[in-house]
Amino acid sequence: VQLQASGGGLVQDGGSLRLSCAASGRTFSSYNMGWFRQAPGKEREFVAAIRRSGGYTYYADSVKGRFTISRDNAKNTVYLQMNRLKPEDTAVYYCAADRNVILANIRSASEYDCWGQGTQVTVSS
């Protein structure tokens, strides 16, 4: 599957953004999806993930209660709604996909085979 992330931009502290990740192909519903981010000089870190059916979601502690991951399998798209953004959320955000993510490792970037190109999110203070 090929992934195309969009929706990043510049927003003030406390603002909101919604990221989208559009997937190609007819088998999107068979993929577990994740969002990761990477700030300059830092390692890529887990943000959120959602299972194939959308029934289960997972979040990093740093975004829990502020970010919401969702998917629309009819539109082959996964979303990341980001509210109450903080300057420390500034990073390039990547979407990722894999059919066979092991639940215990769903927060690990190495579990995902397919990656989008990334979209920049900048939160100004």
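Refer to the structure above for everything that follows.
Residues numbered from 1 in each chain as written. Predicted model: local features only at pLDDT ≥ 70, side-chain atom pairs only at ≥ 80, totals over all residues. Heavy atoms only, no water.

Student: Go over the packing of aromatic side chains with me, naming the residues and quoting the values.
Tutor: Under the definition given, this model contains 4 aromatic pairs. Aromatic side chains Phe36 and Phe46 sit 5.7 Å apart centroid to centroid with 75 degrees between the ring planes, which places their arrangement in the edge-to-face category. With Phe36 in strand β4 (residues 32–38) and Phe46 in strand β5 (residues 45–50), this residue pair connects regions lying 10 residues apart in the sequence. What makes Phe46 buried here is its relative accessible area of 9%. Judged by centre distance (5.2 Å) and plane angle (55 degrees), the ring pair of Phe36 and Trp115 falls under tilted. Separated by 79 residues along the polypeptide, Phe36 in strand β4 and Trp115 in strand β10 (residues 114–115) bring together distant segments of the chain. The buried category is assigned to Phe36, whose relative accessible area is 1%. The exposure class assigned to Trp115 is partly exposed, which follows from its relative accessible area of 28%. (Phe/Tyr/Trp six-rings, centres within 6.5 Å; stacked < 30°, edge-to-face > 60°. Helix = DSSP H or I, 4+ residues; strand = E, 2+ residues; numbered from the N terminus. Buried < 20%, exposed > 50% of the residue type's maximum accessible area, 1.4 Å probe, protein only.)

Student: For the state of the cysteines, give the residues involved together with the corresponding values.
Tutor: As enumerated under the stated definition, the model contains 1 disulfide in all. Each sulfur in the disulfide pair Cys21 and Cys95 lies 2.1 Å from the other. Taking the sign of the torsion about the S-S bond as the criterion, the disulfide between Cys21 and Cys95, at about 60 degrees, is right-handed. In this pair, Cys21 is assigned in strand β3 (residues 17–23) and Cys95 in strand β9 (residues 91–98), connecting sequence segments 74 residues apart. Grouping residues by exposure puts Cys21 and Cys95 together as buried. (Disulfide = S-S within 2.5 Å.)

Student: Explain the pairing of β3 to me, using residue names and the numbers behind them.
Tutor: The element β3 is largely enclosed, with a buried count of 5 among its 7 residues. In this sheet, β3 lies alongside strand β1 (residues 3–6) in antiparallel orientation, the contact comprising 4 bridges. When the bridges of β3 are listed, Ala5 appears paired with Cys21. In terms of strand pairing, β3 meets strand β8 (residues 77–82) through 6 bridges, oriented antiparallel. Across the sheet, Arg18 pairs through a bridge with Gln81, a residue of β8. (Pairing = 2+ DSSP bridges.)

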